[in-house]
Amino acid sequence: MTDSDTTLALSTPPDDIDTVQDFVQRVLEHHTDIVDIDRFAFETALVELASNVIQHAAAGTGITCVLSIHADDHELSARISDTGTAGAVTLSGPALPEDLAESGRGLALIQMLVDSVHFERTGDRNVWTISRARHPLP
Amino acid sequence: MNFRTETIAGNVAAIRADGRLNMVSAPLLREVVSAAITAGTVRIVVDLSGVDFMDSSGLGALIGGLKVARQAGGDLRIAGATPQVALVFELTHLDRILQNHATAETAYRD
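Throughout what follows, the structure given in this document is the object of discussion. (Residues numbered from 1 in each chain as written. Chains lettered and ligands numbered in written order. Predicted model: local features only at pLDDT ≥ 70, side-chain atom pairs only at ≥ 80, totals over all residues.)

## Here we look at the overall build of chain A
Of the regular secondary structure elements, chain A holds three helices and five strands. When its helices and strands are written in sequence order, chain A yields β-α-α-β-β-α-β-β. A globule of 138 residues ought to have a C-alpha radius of gyration of about 14 Å, and chain A, at 15 Å, matches this closely. Here chain A holds 138 residues, and 35% of them are scored as buried. Contacts in chain A between residues far apart in sequence, at least 24 positions, make up 69% of those at least 6 positions apart. (Helix = DSSP H or I, 4+ residues; strand = E, 2+ residues; numbered from the N terminus. Rg over C-alpha atoms; globule rule 2.2 N^0.38 Å. Buried ≥ 20, exposed ≤ 12 C-beta atoms within 10 Å, placed from the backbone. Contact = placed C-beta atoms within 7 Å.)

## Let's talk about the nonpolar core
Residues Ala45, Leu46, Leu49 and Ala50 of chain A together with Ile15, Ile44 and Val46 of chain B are the most contacted members of the largest nonpolar core, which totals 72 residues. Setting aside chain neighbours within four positions, we find isoleucine 44 of chain B in contact with Ala13, Ile15, Val33, Ala36, Gly65, Ala69, Gly74 and Leu76 of chain B. (Core = buried A, V, L, I, M, F, W, Y, C linked by C-beta atoms within 7 Å.)

## Focus on the environment of leucine 28 of chain A
Residues and elements named next belong to chain A. Relative to the helices and strands, leucine 28 resides in helix α1 (residues 17-28). In this structure leucine 28 comes out as buried when scored by C-beta crowding, with 20 C-beta atoms within 10 Å. For the pair leucine 28 and alanine 71, spaced 43 residues apart in sequence, the C-alpha to C-alpha distance is 8.2 Å. Not counting chain neighbours up to four residues away, the residues in contact with leucine 28 comprise Ile34, Arg39 and Glu43.

## Topic: the interface of chain B and chain A
Contact residues are listed per partner, giving 21 residues for chain B and 20 residues for chain A. For the side of chain B that touches chain A, the secondary-structure elements that each account for two or more residues are α2 (56-71) and α3 (83-91) of chain B. Considering every element that reaches the side of chain B that touches chain A, the biggest residue donor is α2 of chain B, with seven residues. In the side of chain B that touches chain A, the residues fall into 10 nonpolar, eight polar and three charged. (Nonpolar A, V, L, I, M, F, W, Y, C, P; charged D, E, K, R; others polar.)

## Here's the deal with unusual backbone geometry
All names here are of chain B. A positive phi angle, close to 55°, is found at asparagine 11, a residue other than glycine. Mapping asparagine 11 onto the fold places it in the loop between β1 (2-8) and β2 (12-21). A count of 12 C-beta atoms within 10 Å places asparagine 11 in the exposed class. Of note, the phi angle at histidine 93 is positive, near 65°, even though the residue is not glycine. Within the secondary structure layout, histidine 93 lies in the loop between α3 and β5 (100-101). Under the C-beta neighbour-count criterion, histidine 93 is labelled exposed, with 11 such atoms within 10 Å.

## Points about the pairing of strand β4 (residues 75-79) of chain B
All names here are of chain B. For β4, a buried count of four out of five residues is recorded, marking the element as mostly surrounded by other parts of the structure. Handedness of the crossover is the feature at issue here: the chain leaves strand β3 (residues 43-54), passes through α2, returns alongside β4, and the resulting connection is right-handed. Pairing analysis gives two bridges linking β4 to β5, with the strands arranged parallel. Each bridged residue has a counterpart across the sheet, and for alanine 79 the counterpart in β5 is histidine 101. Following the backbone out of β4, through α3 and into the adjacent parallel β5, one traces a crossover that is right-handed. (Right-handed = clockwise from strand over helix to strand, strands pointing away. Pairing = 2+ DSSP bridges.)

## Some words on the environment of methionine 1 of chain B
Residue and element names in this part refer to chain B. Secondary-structure assignment places methionine 1 in the segment before β1. With 18 C-beta atoms counted inside 10 Å, the residue methionine 1 sits in the partly exposed group. When the C-alpha positions of methionine 1 and valine 46 are compared, they lie 14 Å apart, and in sequence the two are 45 residues distant. Methionine 1 has contacts with Ala17, Asp18, Gly19, Arg20, Leu21 and Ser25, leaving out every residue within four places of it along the chain.

## With respect to the sheet that holds β2 of chain B
Spatially, five strands are ordered β1-β2-β3-β4-β5 (chain B) in an open sheet, and the strand pairing comes out mixed. The sheet terminates laterally at β1 and β5 of chain B, the two strands that pair on one side only.

## As for the packing of helix α1 (residues 26-38) of chain B against α2 of chain B
All names here are of chain B. Between α1 and α2, the least distance of the axes is 8 Å, while the angle of their chain directions is 15°. As the angle between them shows, α1 and α2 are arranged roughly parallel. The chirality of how α1 crosses α2 is right-handed. On α2, the residues touching Ala26, Leu29, Arg30, Val33, Ser34 and Ile37 of α1 are Ser57, Gly58, Gly60, Ala61, Gly64, Gly65, Val68 and Ala69. (Axes fitted to C-alpha atoms, helices over the stretch in contact; angles between N-to-C directions. Parallel < 35°, antiparallel > 145°, perpendicular 65-115°, else oblique. Left-handed = near helix turned anticlockwise from the far one by under 90°.)

Laid out in structure tokens, this is it:
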């Protein structure tokens, strides 16, 4: 597999989480040697993260967001930068809510699916980065 | 994503879902479950065999549906979970609450 960096710019609305996932799938399908568990985990983490950005950062007015994906033989990583309001983000270990809670699992799930999650407020943008080490090629 | 509801043996409402169960489609699933219960069928099975992707909002909708069904004296079960869906259930430990059944038709065979 060769290294690749691919970027999507989107505005919500009209773009939504399906726009993001279509993009992620298009990027990953170029890398046919990614094993299923890495693909599922990375795609799920990225959709969770983008959903979180769209849902919590929008504050009713919509946002613009830039998503970049990097893939190489060793790692899958992504960066999401958005114009949403500054979020109060606490990244401790993954903590799941009670069993019958109907929300509150997204961030915990992301932390379980990838090796690193990082958030920072840079100027007027929220910037998230995630990465997952790939299973070694056979 | 679309949902089709049909009544199967045992007076069970089988909700067949296709596509992605995410923040766009999860609210619709909640409505479909509520509609089945309002129509008088409180035993629900959500057939996930056509769902190739589910995130935490999809999980939330299933848990919401389970609570509504139980409050009505019924239950909500799942069937046909695909590998990505099974992974999400497993990581969140919700496979203890919503155990996967092979098919919608066998979900209430106990």
